[in-house]
Amino acid sequence: MRIFHVISGFENGGVETLIYRWISHMPQDIEFHIVAQEIVVPACAERFRAKGVTIHLIPSRKHLLKHCKALRSLFRNYCPDVVHVHTTEWGAIPLSVAKKAGVPCRIQHSHAARKEKNLFLRLAHSLSFAWARRAATDYFACGTAAAQTAFGNRAVAAGQVKIIKNGIDVAGFAYSEAMRRHTRAELGIGEDQTVIGMVARFSPQKNHITALAIFKAFFEKHPNAVLLLVGDGHLRASIETLAQKILPLHAVRFLGVRTDMQALYSTMDRFILPSRFEGLPITLIEAQASGLPAVVADTVTREGDVCGITTFLSTDKTADWVQALAAPVSQTRDAYAARVAEAGYFLDKIVEELYQFYRSKA
């Protein structure tokens, strides 16, 4: 069986992380391909290649005719059983090409929940989503809010959207006191220092500029605090430059793409995510498995708070973020991994469900 996943690029973001986990935990009887427009983080693409995934780089959507021609050539030459599209706002393009190429199963997967304020963009997105719905055979979403954004309330109410939760290896993110001590020592961070963490690719959506502004206000009241920024992306260099202008060098650490996330979440005292929009962020689920209290933008769906330790705030109210980040933590962190599993985010179960769906389309 041959599955094609369509993404925008290899940025080591949530979508790429999700697909990598699915592929890593599935049986070997499926041939996986990924179609993307660019490789931003080479290590991300190499991880997939190491798993035997075939990567196809095609022209950008800015060159629409060449983009569609490349998609058409791929789908006709390889005859995939399933085309699984993860570019919600642009999904109509590969889905329509796949439909014309005779691909039998075409999945539109919504990973984002957003309410566009700009009237023109709202209309454009609405038309794009409607086009995608007509070209897709199946609707997937990471949560209810993301499903409503792409497919509408009626489709959700009618049970036409399959919710595929952003599953994680729960045990692999459980809090570890030993890892906390070791990693703090490795990073030169004292146990008396407050560590704020953000795990996100450097893109406009994730809103690192606001994260720095919030941390600057927090740092002014708590000068021994440290901000850990984990991830990579197009905007990393500009965010590093901004951080150097407004904060001491020792106050912000850019850690890049890491594989020791259990240790890093254990090291942190608070998690922040001031995103402009989200579906249901994987990193928020991971943080909660570590029992890490989170303060996130009110644009993030409430579905993401599976353990009751997440605070939702407007990014316009910096003082409220500072207060929330400074609030005392009264609970121990050891029991939260089990609570995340109980909430349905257990990776193996989700992968088995998805695998059986794929096999049913063979």
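Cut-offs applied
- Residues numbered from 1 in each chain as written.
- Predicted model: local features only at pLDDT ≥ 70, side-chain atom pairs only at ≥ 80, totals over all residues.
- Heavy atoms only, no water.
- Axes fitted to C-alpha atoms, helices over the stretch in contact; angles between N-to-C directions.
- Helix = DSSP H or I, 4+ residues; strand = E, 2+ residues; numbered from the N terminus.
- Parallel < 35°, antiparallel > 145°, perpendicular 65-115°, else oblique.
- Left-handed = near helix turned anticlockwise from the far one by under 90°.
- Contact = heavy atoms within 4.5 Å.
- Nonpolar A, V, L, I, M, F, W, Y, C, P; charged D, E, K, R; others polar.
- Buried < 20%, exposed > 50% of the residue type's maximum accessible area, 1.4 Å probe, protein only.

1. What to know about the packing of helix α3 (residues 64–78) against helix α4 (residues 92–100)
- Following both chains from N to C, one finds α3 and α4 inclined at 45°, their axes separated by 9 Å at the closest point. In this view, α3 runs oblique relative to α4, as classed from their interaxial angle. Seen from above, α3 lies across α4 with right-handed handedness. Across the interface between the two elements, Leu-64, His-67, Cys-68, Leu-71, Arg-72 and Phe-75 from α3 touch Ile-93, Pro-94, Val-97 and Ala-98 from α4.
- Of the residues assigned to the contact of α3 with α4, the class counts are eight nonpolar, one polar and one charged.

2. Let's talk about the environment of Pro-59
- Locating Pro-59 in the fold gives a position in the loop between β5 (54–57) and α3.
- Take Pro-59: its relative accessible area is 30%, and that puts it in the partly exposed class.
- Considered as a pair, Pro-59 and Ala-43 are 16 residues apart in the sequence and their alpha carbons are 21 Å apart.
- Apart from the residues lying within four places of it in its own chain, the contact partners of Pro-59 are Gln-37, Lys-66, His-67 and Ala-70.

3. Remarks on the packing of helix α8 (residues 208–221) against helix α12 (residues 318–326)
- Relative to each other, α8 and α12 sit at 60°, their axes nearing to 9 Å. Between α8 and α12, the angle falls in the class oblique. Crossing geometry of α8 relative to α12 is assigned as right-handed. From α8, Ala-213, Ile-214, Ala-217, Phe-218 and Lys-221 reach across to α12, where they touch Thr-318, Trp-321, Val-322, Leu-325 and Ala-326.
- Looking at the contact of α8 with α12 residue by residue, the classes come out as eight nonpolar, one polar and one charged.

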